[in-house]
Amino acid sequence: MTTFPAATILGYPRIGRNRELKKALEAHWAGRTSAEELLKAEAELRQANLARLVELGLRAQDASLPENSSLYDQVLDVTSLLGAVPARFEGRRGLELHFALARGDQGSAPEEMTKWFDTNYHYLVPEIGPNTPISYADDRYVERFLEAKNWGYLTRPVIVGPITYLALAKEDEQAPEGYDPLERLPEVQAVYATLLSRLEEAGATWVQFDEPALVSDNLSHTRLELAELAKSAYTELAGTSNRPRILVTTPYGNGLSALPALASCGVEAIHLDLGRGALPEPGTLDLGGVDLVVGAIDARSIWRADLAQTAALLEKAKLLGARSLCVATTNSLQHVPHDTALETWDDPELDANLHAWLAFADQKVGEVVTLAKGINEGFDAIAPQIEESTRILRERATAPGVVRPEIRERVGALGESERARAPYGERAAAQDARLALPALPTTTIGSFPQTTDIRKARAAHAKGILSDADYRARIEREIAEVVALQEKLGLDVLVHGEAERNDMVQYFAELLDGFAATRNGWVQSYGSRCPRPSILWGDVARPKAMTVDWAAFAQSLTDKPVKGMLTGPVTIIAWSFPRNDLGLAEVADQIGLALRDEVEDLEAAGIAIIQVDEPALRELLPLDAEDHADYLRWSVDSFRVATAGVRPDTQIHTHLCYSEFGQIIDAIAALDADVTSIEAARSRMEVLPELAEAGFDHGIGPGVWDIHSPRIPSVEEIRSLIDAALAAIPAKRLWINPDCGLKTRGYEETLASLSHLVEATKEAREAL
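Heads up: these notes are all about the structure in this document.

Procedures and definitions
- Residues numbered from 1 in each chain as written.
- Predicted model: local features only at pLDDT ≥ 70, side-chain atom pairs only at ≥ 80, totals over all residues.
- Heavy atoms only, no water.
- Pairing = 2+ DSSP bridges.
- Helix = DSSP H or I, 4+ residues; strand = E, 2+ residues; numbered from the N terminus.
- Axes fitted to C-alpha atoms, helices over the stretch in contact; angles between N-to-C directions.
- Contact = heavy atoms within 4.5 Å.
- 1 Å grid on protein atoms, 1.4 Å probe; cavity = no way out; pocket = protein on both sides within 12 Å on 5 of 7 lines; lining within 4 Å.
- Points joined across faces, edges and corners; volume = space filled by probe spheres on them.
- Nonpolar A, V, L, I, M, F, W, Y, C, P; charged D, E, K, R; others polar.
- Phe/Tyr/Trp six-rings, centres within 6.5 Å; stacked < 30°, edge-to-face > 60°.
- Buried < 20%, exposed > 50% of the residue type's maximum accessible area, 1.4 Å probe, protein only.
- Parallel < 35°, antiparallel > 145°, perpendicular 65-115°, else oblique.
- Left-handed = near helix turned anticlockwise from the far one by under 90°.
- Polar contact = N/O pair within 3.5 Å; in protein donor to acceptor, adjacent residues only side chain to side chain.
- Right-handed = clockwise from strand over helix to strand, strands pointing away.
- Salt bridge = Lys/Arg side-chain N within 4 Å of Asp/Glu carboxyl O.

**Let's talk about the sheet that holds strand S15 (residues 609–613)**
If you walk across this open sheet you meet the 5 strands as S14-S15-S16-S17-S18, and the pairing is parallel. Of all strands in the sheet, those with a lone pairing partner are strand S14 (563–567) and strand S18 (699–702), marking the two edges. Within the sheet, the average angular offset between the axes of one strand and its neighbour, ignoring direction, is 20 degrees. As paired elements, S14 and S15 share 5 bridges and run parallel to each other. In the sheet register, Gly564 faces S15, and the bridge partner there is Ile610. Strands S14 and S15 of the sheet are contacted by helix H21 (residues 584–604), whose axis makes an angle of about 175 degrees with S14.

**Points about empty space enclosed by the protein**
Evaluated as defined, the whole model comprises 7 cavities of 30 Å³ or more. Counted as a void, the largest cavity has a volume near 190 Å³. Contributing to the lining of the largest cavity are 18 residues, with Asn68, Gln74, Val158, Asp210 and Gln334 lying nearest its centre. Contributions of two or more residues to the lining of the largest cavity are made by helix H3 (74–82) and strand S5 (155–160). At 3 residues, S5 tops the list of elements feeding residues into the lining of the largest cavity. In terms of residue class, the lining of the largest cavity is built from 8 nonpolar, 7 polar and 3 charged. Here the second largest cavity defines a volume of roughly 90 Å³.

**Some words on the packing of aromatic side chains**
Aromatic rings in a pair are described by how distant their centres are and how their planes are angled relative to each other. Using the criterion set out here, one finds 12 aromatic pairs in the structure. Ring centres of Phe209 and Tyr234 lie 6.0 Å apart, and the angle between their planes is 45 degrees; this geometry places the pair in the tilted category. Of this pair, Phe209 sits in strand S7 (residues 206–210) while Tyr234 is found in helix H8 (residues 223–238), placing the two residues 25 residues apart along the sequence. Both residues of the pair, Phe209 and Tyr234, count as buried. On the basis of an interplanar angle of 90 degrees and a centroid distance of 5.2 Å, the ring pair of Tyr631 and Trp634 is categorised as edge-to-face. Within this pair, Tyr631 and its partner Trp634 are both found in helix H22 (residues 628–643), separated by 3 residues, close to a single helical turn. Neither residue differs from the other here; Tyr631 and Trp634 are each classed as buried. Joined through ring pairs, the aromatic side chains of Trp116, Phe117, Tyr123 and Tyr252 make up one cluster.

**Describing the packing of helix H5 (residues 140–151) against helix H7 (residues 185–202)**
Where H5 meets H7, the axes come as close as 10 Å, and the angle between the chain directions of the two elements is 15 degrees. Classified by the angle their axes make, H5 and H7 are roughly parallel. In this structure, H5 crosses over H7, and the sense of that crossing is right-handed. Residue-level contacts link Tyr141, Val142, Phe145, Leu146 and Lys149 of H5 to Leu195, Arg198, Leu199 and Ala202 of H7. Counted by class, the contact of H5 with H7 contains 7 nonpolar, no polar and 2 charged residues.

**Thoughts on the sheet that holds S5**
Judged by pairing direction, the sheet is parallel, and its 7 strands sit side by side in the order S1-S5-S7-S8-S9-S10-S11 without closing on themselves. The open sheet terminates on both sides in strands that have one partner only, identified here as strand S1 (65–67) and strand S11 (324–329). Looking at each pair of strands side by side, their axes are set apart by 30 degrees on average, direction ignored. Taken together, the 6 bridges between strand S10 (residues 291–297) and S11 define a ladder with parallel strand orientation. Each bridged residue has a counterpart across the sheet, and for Ile297 the counterpart in S11 is Thr329. Sitting on the sheet, helix H12 (residues 361–377) touches S10 and S11, and the angle it makes with S11 is about 165 degrees.

**With respect to the environment of Pro702**
Position of Pro702 among the secondary structure elements: in strand S18. What makes Pro702 buried here is its relative accessible area of 2%. Pro702 has contacts with Ile678, Ala680, Met685, Leu688, Ala725, Leu734, Trp735 and Asn737, leaving out every residue within four places of it along the chain.

**Describing the side chain of His628**
Tracing the chain through its elements places His628 in helix H22. Looking at His628, its side chain comes within polar contact range of the side chain of Asn218, at 2.9 Å. Leaving out residues up to four positions away in the same chain, His628 has contacts with Asn218, Leu621, Pro622 and Gln663.

**A look at the pairing of strand S8 (residues 245–249)**
Burial of S8 is extensive: 5 of the 5 residues sit out of reach of the surface. Neither face of S8 is exposed, since Arg245, Leu247 and Thr249 on one face and Ile246 and Val248 on the opposite face are all buried. Bridge count between S7 and S8: 5 bridges; the pairing is parallel. Residue pairing for S8: Trp206 is matched across the bridge by Arg245. For the handedness criterion, the β-α-β arrangement of S7, H8 and S8 is classed as right-handed. Judged from the 2 bridges that link them, S8 and strand S9 (residues 269–273) form a sheet pairing that is parallel. Paired with Val248 across the two strands is Ile270, which belongs to S9.

**Considering the pattern of salt bridges**
Within this structure, the stated rule accounts for 59 salt bridges. Between Glu500 and Arg501 there is a salt bridge whose closest N-O contact spans 2.9 Å. Side by side, Glu500 and Arg501 carry an identical accessibility label, which is buried. Asp723 serves as the salt-bridge partner of Arg719, at 3.0 Å between the closest nitrogen and oxygen. With Arg719 and Asp723 both in helix H25 (residues 715–726), this residue pair falls 4 residues apart, about one helical turn. Through salt bridges with shared partners, a single ionic network connects Glu42, Arg46, Glu67, Asp77, Asp138, Arg140, Arg144 and Glu147.

Encoded structure:
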């Protein structure tokens, strides 16, 4: 039997080196291109990606090339495969249906969106009930395979596995209480079996099923329960006649608990993520019947691999007695940028260092190919590459700025007093007296739409075309317009709109020591949304104030309170590429201290409300339950370092979004923010009973407008959400706001939606 390819990756960035897919999607959504033109652009991108992978050393004809393309989301693709479409989308077909599920339309809200395990990627949550239709409904996987075959590539289709798909699903609105979507596993299995047969008929030799649910303690079923279901499901799938060989992957965590089940179910290859997991001890498990695919290159990190350490790990893997040993990435490379060759940094020394220290997707493919050569020919054959890796790591450790003793000493001096504020009741009374806000105060999360003119002005300033004075005048004009607009709408607490900010993390990274911002390091967050995570390479400090002038200017224009807006330590870490040579707890405290200085300067400038956003708090929760307590301790501590230095009458807000909050409710309370705003519109406030049951007694702003959809919610829809919130939260603690910032929305929909929000709030106040 043919063994698995010697070198592969689990997936490749699918947005394009120049964001070709983003541009094609947004042109189609804007009505500038047809469905046929969109699909043609996507096919051209797939062909270019396959050609690039072969150029980098993967083979065109042995299934080492993964086919993980997607027009929006890999989980949504399985929903389309199964035809598992909620009834509210009846009558829609093809791409209209696909994008309605993802983005909603004026007639129907989209499926919920939440974080893919502990990454910043968002997936569409399937809605599965006892009557949800499930059948073979979409031939897209086969069509993509055949198209690549026609181009001269024998690819390996990559599909979210059946266990993970159903474990991530939620019950639909018609499901009885306690219903478990995994009850539909036999029918889903049958569709997967049909897909296997169709792929084999098309000529596929291998197919990849991704099963990260098997490594997570953060789902409603335990790992062992899911492993038993996987054993049953894959035993059935392995028994499918006329099928390709099956690779099951366990990315993002430690797959050891699932390995016995997978090794005994008849699949031909099993993948282990060794970035976050471990190998079994030799002799503890019979792997003689499978190919072991070792996830040796960390596809979540942008740092060059330690090839000496990785070679030693692979030598250990040789002792496990697998049928063959293959080298791969820990997970899909969709979480890292394309190529360091697309980057330059203004500082010549930093430019040289980062090009040596970093490995983006293309460089990681090269590392996989190099290690595979070591497996096949002996590691002496790659001795020069190993020596080069060791030299660069040694030089990185001693480079200026990587370690700054004065910063390490300041972190070391932190005590409990730096993390504590006055009791909440005392603060609430002082803030009520200072702010005098009405019941159900209205606000937004921070950003307002960023127009093309604003982006052009920011780019011109960065290039030196627009002077500092002219740029400042342009941003101040935008701030004045945004403040006036909010006053006209009747909002109670205003924001300055963040026109000066390119991104809620990158903006700060460009102003803090220890960070470098990329120019082309785009990474898909969801759909066409692509941020550029900054690179956190050294110790962090704040050379000067970052937001005070803009906030103070906005406050000078109005008698209403204007919020100061900052991004919190955990989110800065999560939405950057953090260093891998220092514990994240210490990194978070370094950032917390830099933000503490900023918070105190905002307070001194007269800003009465300061928001420190932590939308990634749940995102970084480790998949291993044994690591939860330590993570939640340091993440909460770093937030409190940033916020605990203010007076009782200064109100601290935070914002959390697109997460399953149930597991971290205690941590949300421990942040001790005076007001917490959360994503709640798509789920129709389902988190609020959990908060009430947990005794959460601070201010809360559950979102009443889903800003990730182009839909404009009606007054009635928003009012129904406010009423649902009032059923769980006392009016004196309830705030009314959108789910998230408005940066990606247009002004027309923003004005309409905020008008509806204010009108619905007026109605709710009158009814109190």
